[in-house]
Amino acid sequence: MQIVLAPMEGVVDHLMRDMLTQIGGFDLCINEFVRVVDQRLPARVFHRLCPELAQGGKTPAGVPVRVQLLGQEPHWLAENAARAVQLGSPGIDLNFGCPAKAVNKSRGGAVLLKETEQLYQIVKAVRQAVPAEYPVSAKIRLGYDDTALTLDNASAIEAAGASVLTVHARTKSDGYKPPAYWPWIGRIRQRIAIPVIANGEIWTPDQARQCQQEAATQDIMLGRGALALPNLAQCIRSGQAAMPWPEVLQLLMRYSEFEVIGDKGKYYSNRIKQWFSYLKLQYPEAAELFSQLRLLKRNEEILRLLQHQLSLYR
Ligand SMILES: Cc1cc2nc3c(=O)[nH]c(=O)nc-3n(C[C@H](O)[C@H](O)[C@H](O)COP(=O)(O)O)c2cc1C
């Protein structure tokens, strides 16, 4: 069983990857997407989004972090894929699932699921640009509006030379509305021979097992579920009990101290609130704390509130 930490733009940054991979259970992280339009991006763009590149492309716990590219032009995606690998990315992931309007309008992300031939050309160009020992993976949804092209898209991606396919088992139109249609992944598995990673709506070990069964694959990717329950991967892998709330509070403090002191202070309040929006699905304590926290704007106020909460458990 491979367990992959999902890319989540604006939420799963390098500190989150560091914390979650130290808790353990993950084999691989996919980085939040790097947007490629019509140029070769400077190295600093890759380093900003994926600081692990400077550490051999791994988190401090030693888990590889693969750079993800989002774009529409095979040539520019290939150029940037080659660069990301030169900079230390242990492979390339291609995003064909992003539902954002701005991205879809410029032919990037999920809208490419309507263009099977273009998917093929992109994967082929990237595969050719990246040395054979580095995996090139693709991440798709089931389709844009419907599932008419799901199997054709999966076959095209395989034929173009992709090493692995991750499937978020919903269309773009489904958004993030449950359920995720895991049996569709099973159908894709029957069609193609490359490994398939199942993704979408895995929040508990029971759901992981059900997904693995319906999708007919052991390999899974966890996104929001791993933010709601930081040791979800370990719960799935080794039956660990859910992390107690005081330990989650400590993680929140670690994240906060880093974000506030580090250079990303301006994102901190949004990011921590977004993390809370997932934590409160799992922890009643988080729901209670969030009702106070959501009114706070200044980083220092949020930090003080968290420190106070933690002191109650000492
Ligand atoms: C806030 C947010 C940001 C995301 N950013 C990315 C991204 O950068 N690249 C990508 O391929 N998917 C992205 N996704 C999709 C997730 O990787 C994943 O496919 C989706 O959340 C379903 O999995 P889950 O139910 O386990 O969360 C994002 C999802 C969310 C909620």
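Residues numbered from 1 in each chain as written. Predicted model: local features only at pLDDT ≥ 70, side-chain atom pairs only at ≥ 80, totals over all residues. Heavy atoms only, no water.

*Asks:* How would you explain the pairing of strand 3 (residues 65-70) if you had to name every residue and give the values?
*Replies:* Burial analysis of strand 3 places six of its six residues in the buried class, which makes it a mostly covered element. Covered by surrounding structure in strand 3 are Val65, Val67 and Leu69 together with Arg66, Gln68 and Leu70, the residues of both alternating faces. Sheet topology note: the strand 2 (residues 28-35)/strand 3 ladder contains five bridges and is parallel. Within strand 3, the residue paired with Ile30 across the bridge is Arg66. In this fold, the crossover linking strand 2 to strand 3 by way of helix 2 (residues 43-49) has right-handed handedness. Traced from strand 3 through helix 3 (residues 74-86) to strand 4 (residues 92-96), the parallel crossover comes out right-handed. (Buried < 20%, exposed > 50% of the residue type's maximum accessible area, 1.4 Å probe, protein only. Helix = DSSP H or I, 4+ residues; strand = E, 2+ residues; numbered from the N terminus. Pairing = 2+ DSSP bridges. Right-handed = clockwise from strand over helix to strand, strands pointing away.)

*Asks:* Account for the site of the ligand, with residues named and values stated.
*Replies:* Close contacts around the ligand come from 21 residues, with Pro7, Glu9, Asn199, Glu201 and Arg224 the closest. Take Asn95: an N or O atom from its side chain is 3.2 Å from a nitrogen atom of the ligand. Protein chains shield 90% of the accessible area of the ligand, which is 620 Å² for the free molecule. At the level of elements, strand 2, strand 6 (164-171) and helix 12 (265-282) are the ones that each hand at least two residues to the shell around the ligand. Considered class by class, the residues forming the shell around the ligand number eight nonpolar, seven polar and six charged. (Near = heavy atom within 4 Å. Polar contact = N/O pair within 3.5 Å; in protein donor to acceptor, adjacent residues only side chain to side chain. Areas by Shrake-Rupley, 256 points an atom, 1.4 Å probe, with all protein chains shown as cover. Nonpolar A, V, L, I, M, F, W, Y, C, P; charged D, E, K, R; others polar.)

*Asks:* Residues and numbers for the sheet that holds strand 6, please.
*Replies:* Strand order in the closed barrel formed by eight strands is 1-2-3-4-5-6-7-8, and the pairing between neighbours is parallel. The mean angle between the axes of side-by-side strands here comes to 30°, regardless of whether they run parallel or antiparallel. Examined bridge by bridge, strand 1 (residues 3-5) and strand 2 share two bridges and lie parallel to one another. Paired with Leu5 across the two strands is Cys29, which belongs to strand 2. (Axes fitted to C-alpha atoms, helices over the stretch in contact; angles between N-to-C directions.)

*Asks:* Talk me through unusual backbone geometry; I want residue IDs and the actual numbers.
*Replies:* Most peptide bonds take the trans configuration, and most residues that are not glycine carry a negative phi. At the junction of Pro178 and Pro179, the peptide bond is cis and its omega measures out at 5° in the coordinates. Note that Pro179 resides in the loop between strand 6 and helix 7 (182-191). A positive phi is found at Arg107, a non-glycine position, where the angle reads about 70°. In this fold, Arg107 is placed in the loop between helix 4 (101-105) and helix 5 (116-129). On the basis of relative accessible area, Arg107 is assigned to the partly exposed category, the value being 34%. With a phi angle near 55°, Ala216 is a residue other than glycine that sits in the positive phi range. By secondary structure assignment, the location of Ala216 is in the loop between helix 8 (205-215) and strand 8 (220-222).

*Asks:* Go over the environment of Ala43, please, and point to the residues and values.
*Replies:* Within the element layout of this structure, Ala43 appears in helix 2. Linking Ala43 and Gly25, residues 18 residues apart in sequence, is a C-alpha distance of 30 Å. Here Ala43 is in contact with Arg83 and Leu87, once residues within four sequence places are set aside. (Contact = heavy atoms within 4.5 Å.)

*Asks:* Please set out the pairing of strand 7 (residues 196-199) residue by residue, giving values where relevant.
*Replies:* What you see with strand 7 is no split at all: Val196 and Ala198 on one side and Ile197 and Asn199 on the other are buried throughout. Handedness of the crossover joining strand 6 and strand 7 through helix 7 is recorded here as right-handed. The β-α-β motif built from strand 7, the intervening helix 8 and the parallel element strand 8 has right-handed crossover chirality.

*Asks:* Explain the nonpolar core to me, using residue names and the numbers behind them.
*Replies:* With 102 residues, the main nonpolar core has Leu69, Phe96, Leu165, Leu222, Leu252, Phe276 and Leu306 as its most contacted residues. Among the elements that line this core, the one with the most residues is helix 11 (residues 245-261), at seven residues. When neighbours within four sequence positions are excluded, Leu69 is seen to be in contact with Val34, Val36, Phe46, Leu77, Asn80, Ala81, Ile92, Asp93, Leu94 and Asn95. The next biggest cluster of nonpolar side chains, apart from the first, holds seven residues, and it includes Leu28, Ile30, Val164 and Ile197. (Core = buried A, V, L, I, M, F, W, Y, C linked by side-chain atoms within 4.5 Å.)

*Asks:* Residues and numbers for the pattern of salt bridges, please.
*Replies:* In the structure shown here, the tally under the stated rule is 11 salt bridges. For the salt bridge of Glu115 with Arg107, the shortest nitrogen-to-oxygen distance reads 2.9 Å. The exposure class assigned to Glu115 is partly exposed, which follows from its relative accessible area of 27%. Linked through salt bridges whose partners overlap, the residues forming this network are Arg170, Glu201 and Arg224. (Salt bridge = Lys/Arg side-chain N within 4 Å of Asp/Glu carboxyl O.)

*Asks:* Let's hear about the packing of aromatic side chains: which residues, and what values?
*Replies:* The geometry of an aromatic ring pair is captured by the separation of the ring centres together with the interplanar angle, meaning the angle of the planes. What the rule picks out here adds up to three aromatic pairs. Judged by centre distance (5.4 Å) and plane angle (45°), the ring pair of Trp245 and Tyr283 falls under tilted. Of this pair, Trp245 sits in helix 11 while Tyr283 sits in the loop between helix 12 and helix 13 (284-293), placing them 38 residues apart in sequence. Pair check on accessibility: Trp245 and Tyr283 agree, each one buried. (Phe/Tyr/Trp six-rings, centres within 6.5 Å; stacked < 30°, edge-to-face > 60°.)

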